[in-house]
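# Notes for the structure review
The lines below spell out each chain.
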Amino acid sequence: QVQLVESGGGLVQAGGSLRLSCAASGRTFSSYGMGWFRQAPGKEREFVARISSSGRITNYADSVKGRFTISRDNAKNTVYLQMNTLKPEDTAVYYCAARRAASSEYSSEYDYWGQGTQVTVSS
């Protein structure tokens, strides 16, 4: 069972930045597609960003494009989400996910999930 542990969430003012980390167990991390999703109260989980196993291909939701950057360090079994110019509407619990296949923008296609980390952006 792959374990994913997110960290780096917190409270930040609008316009500020946070860097989320997701540390993964297992020796097959380099073969997993990875994604970041978020869920606000009363809303469905939504796609934020994804990255291919090699790190060569990335995709972003329109709402975060140009502000967020996903990256990975396979030597450290870690994926990151750099979040800049944060907005109050970015407030949510952020989850990282791993897929034993190419990355996807659909949460139902992922095999493993972290516990989530809270990001709160004040106006």
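Just above sits the structure.
Residues numbered from 1 in each chain as written. Predicted model: local features only at pLDDT ≥ 70, side-chain atom pairs only at ≥ 80, totals over all residues. Heavy atoms only, no water.

## Here we look at the overall build of the protein chain
Scanning the protein chain from N- to C-terminus turns up 0 helices and 11 strands. Put simply, the protein chain runs from its N terminus to its C terminus through helices and strands in the order β-β-β-β-β-β-β-β-β-β-β. What you see for the protein chain is a C-alpha radius of gyration of 13 Å, in line with the 14 Å of a compact globule of 123 residues. Overall, the protein chain is about 40 × 25 × 25 Å in size when its C-alpha atoms are taken along their principal axes. (Helix = DSSP H or I, 4+ residues; strand = E, 2+ residues; numbered from the N terminus. Rg over C-alpha atoms; globule rule 2.2 N^0.38 Å.)

## Digging into the packing of aromatic side chains
Scanning the model with the defined rule gives 5 aromatic pairs in all. Put simply, the rings of Phe37, Phe47, Tyr110 and Trp113 pair up and form one aromatic cluster. The side chain of Arg19 reaches across the aromatic face of Tyr80, ending 4.0 Å from its centre. In this structure, Arg72 packs its charged tip against the face of Phe29, placed 4.5 Å from the ring centre. (Phe/Tyr/Trp six-rings, centres within 6.5 Å; stacked < 30°, edge-to-face > 60°. Lys NZ or Arg CZ within 6 Å of the ring centre and 35° of its normal.)

## Some thoughts on the nonpolar core
Membership of the largest hydrophobic core comes to 34 residues, with the highest contact counts inside it found for Leu4, Met34, Trp36, Val79, Leu81, Met83 and Tyr94. Counting only elements with at least two residues in this core, the list comes to strand E3 (18–24), strand E4 (33–39), strand E5 (46–51), strand E7 (68–73), strand E8 (78–83), strand E9 (92–99) and strand E11 (117–122). Considering each element in turn, this core owes the most residues, 5 residues, to E9. Apart from the residues lying within four places of it in its own chain, the contact partners of Leu4 are Cys22, Ala23, Ala24, Met34, Cys96, Ala97, Ala98, Tyr112, Trp113, Gly114 and Gln115. (Core = buried A, V, L, I, M, F, W, Y, C linked by side-chain atoms within 4.5 Å. Buried < 20%, exposed > 50% of the residue type's maximum accessible area, 1.4 Å probe, protein only. Contact = heavy atoms within 4.5 Å.)

## Looking at the sheet that holds strand E1 (residues 4–7)
Pairing in this open sheet of 4 strands is antiparallel, and the strands run E1-E3-E8-E7 from one edge to the other. Bordering the open sheet on either side are E1 and E7, each of which pairs with just one other strand. With strand direction ignored, the average angle separating the axes of adjacent strands in the sheet is 15°. (Pairing = 2+ DSSP bridges. Axes fitted to C-alpha atoms, helices over the stretch in contact; angles between N-to-C directions.)

## Describing the pairing of E3
The element E3 is extensively covered by neighbouring structure, given that 5 of its 7 residues are classed as buried. Sheet topology places E1 next to E3; 4 bridges connect them, and they run antiparallel. Residue pairing for E3: Glu6 is matched across the bridge by Cys22. As judged from the 6 bridges shared by E3 and E8, these two strands associate in the antiparallel manner. Directly across from Cys22, in E8, lies its bridge partner Val79.

Treat this as a map of the structure, not an account of what it does.
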